[in-house]
Every structure is written in structure tokens, then in C-alpha cells.
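# Commentary on secondary and tertiary structure
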Amino acid sequence: MTLDRQRIVAEAVALLDAEGFDGVTTRKLAARLGVQSPTLYWHLPNKAALVTALADAILDQEFGDMSPPASDQPWPEWLAGLAERLRRALLAHPDGARVISVSQLSVTMAAISELAMSTLVARGVPLRRARVIVLTVERFTVGHVLEEQAPRPDAAALEGFDMAAFTERHPTTMAAITEYFAPGRTVDDLFRECLDVVIAGAAPW
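What you see is a predicted model; the values in this text were computed from it and never measured.

Along its length, the protein carries 12 helices and zero strands. The helix and strand sequence of the protein, counted from the amino end, reads α-α-α-α-α-α-α-α-α-α-α-α. Taking the principal axes of the C-alpha coordinates as reference, the protein spans close to 60 × 55 × 30 Å. Sorting the 205 residues of the protein into buried and exposed places 37% on the buried side. For the protein, contacts bridging at least 24 residues in sequence account for 72% of all contacts bridging at least 6. For the protein, the computed accessible surface area is about 11800 Å², with 58% contributed by carbon and sulfur atoms. Of the charged side chains in the protein, 19 are positive and 26 negative; the average position of the first set lies 6 Å away from that of the second.

Next comes the structure, spelled out in C-alpha cells:
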């Protein structure tokens, strides 16, 4: 099979899914493709280019089509939906948020930003305000998923932790956590509630 950029990126996504971001190395990628590492540089000149191509591939799976809101749809509602799509794209792959956060000049991420900012400007939002709103929503979303995808402490790390003392010192925090984990609540609910606060605060600015 002919080695081309598309095949390399597809294999890089498969490697990401198998081993996470730290496992995506040119050595491992070359081995999966049955070539020597220098061969990859004909198509992707360095690791930064590989990471950016990986970011575009992750985003393209969710953002194959993008369009502005319908004329009767409020832009805050539409922007929230865009952020939810971004979160889905990142969660679809291990360390998806890490890939996006370190990628440089992602064409697809730039297209998402362009669509969002131009949509707000078309709705009468001043450019500076549109820029701040869109970047805030994007960075909140990526940061939220970074935390969602971060490794959780194992049982050994929690050994000796005094939950009763922690609860006594932080009663409001524990009450909030208990409410969050109430039956029927999901991590999707938390993201949307936080996102609504971010956008609601931006809309009247």
C-alpha cells in the first residue's frame, strides 16, 4: 500500500486510540506503517506537524460540516451547541484535549473559530467582544475535557485519606459534590451547566 499523508494520519489516530498521546511517537508510528522514521518526514516534517495533523483529523470527524445558525436561532444557543460538538470530538479519543491544546495552526480549529466569530459579528456583536467570547468558550471546553480525561488517582494514592475530616473542613464543597452525583445526573449535565454560565455572562457584556 502506498504511503501517503492520509494513511500516516489515520495510523496516528489509531495509535492515539491504542496508547494515548504519550504513545504517539514517530518511532512507533513508523513501525506500525512498516517504514523507517525518516520516511515519515517526507509527508510530515516534524512532530509538531504530526500533532497538528492529528488535531485536524480528530476535529474533522465531528466537524465535517459546519454552518451558521438559522435566522431565528439565538447565537448563544448555537454557540453552546458548537461547544458541545467540540467536546464530543475531544472525548472521542484518549487525550483528545491534550492533542488540541498543544497543536499549532490547526486548520479545522481555525475554521471553527472563524465561523463562530463571524456569526457573532453578523449578529451585531463587536469584533473584539466576539473574539473574547469565542476564545473563552473554546478554552473552557478544552480545559474542561483536559480535566475529564486526566488520570484518576488509584486506590494506593487515596490510602490514609481521612474523608470524615475532609468533609468536616469542607462541608459546602461536599454538599455540592453530593448534589452533583445525585441519581440521574451526568457529566454532560455539569459541562452544559458550566457552559451556560460562561455564555450567559458573555452575552450581555
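Turning our attention to a nonpolar patch on the surface. A contiguous nonpolar patch, built from Leu-158, Phe-161 and Met-163 and spanning about 300 Å² of accessible area, is present on the exposed surface. By the element assignment, Leu-158 lies in helix α9 (residues 155-158).

Overall, the coordinates contain 12 salt bridges when judged by the stated rule. The residue Arg-32 makes a salt bridge to Glu-11 at a minimum N-O spacing of 2.7 Å. Here Arg-32, found in helix α2 (residues 26-33), pairs with Glu-11, found in helix α1 (residues 5-19); they are 21 residues apart in sequence, far enough to count as distant. In this structure Glu-11 comes out as partly exposed when scored by relative accessible area, which is 21%. Between Arg-185 and Glu-193 there is a salt bridge, with the nearest N and O atoms lying 2.8 Å from each other. Relative accessible area serves as the criterion here: at 26%, Arg-185 is assigned to the partly exposed category. We classify Glu-193 as partly exposed; its relative accessible area is 40%. A single salt-bridge network, built from bridges that share partners, covers Glu-62, Asp-65, Arg-85 and Arg-88.

Judged by nonpolar contacts, the single largest core of 53 residues is most densely connected at Leu-29, Leu-59, Leu-79, Leu-90, Val-99 and Leu-195. The set of elements that each furnish at least two residues to this core consists of α1, α2, α4 (47-60), α5 (75-91), α6 (96-102), α7 (107-122), α8 (127-149) and α12 (187-202). The biggest single contributor to this core is α5, with nine residues. Apart from the residues lying within four places of it in its own chain, the contact partners of Leu-59 are Leu-86, Ala-89, Leu-90, Ile-100, Ser-106, Thr-108, Met-109 and Ile-112.

Right, let's get into α2. Among all positions of α2, only Thr-26, Leu-29, Ala-30 and Leu-33 are buried. Looking straight down α2, one finds its buried side chains confined to an arc of 100°; they lie on one side. Residues Arg-27 and Ala-31 are exposed on α2 and point more than 90 degrees away from its buried face. Summarising the contacts, the buried residues of α2 are in contact with α1, α3 (37-40) and α4. Count one or two residues on from α2 and you reach Gly-34, which has phi positive near 75°.

Cut-offs used in this document
- Residues numbered from 1 in each chain as written.
- Predicted model: local features only at pLDDT ≥ 70, side-chain atom pairs only at ≥ 80, totals over all residues.
- Heavy atoms only, no water.
- Helix = DSSP H or I, 4+ residues; strand = E, 2+ residues; numbered from the N terminus.
- Buried < 20%, exposed > 50% of the residue type's maximum accessible area, 1.4 Å probe, protein only.
- Contact = heavy atoms within 4.5 Å.
- Areas by Shrake-Rupley, 256 points an atom, 1.4 Å probe, with all protein chains shown as cover.
- Lys, Arg positive; Asp, Glu negative; His and termini not counted.
- Charge placed at Lys NZ, Arg CZ, Asp CG, Glu CD.
- Patch = residues over 30% accessible without salt bridge, like charges linked within 9 Å, V, L, I, M, F, W, Y side chains within 5 Å.
- Salt bridge = Lys/Arg side-chain N within 4 Å of Asp/Glu carboxyl O.
- Core = buried A, V, L, I, M, F, W, Y, C linked by side-chain atoms within 4.5 Å.
- Arc of directions from axis to C-beta.

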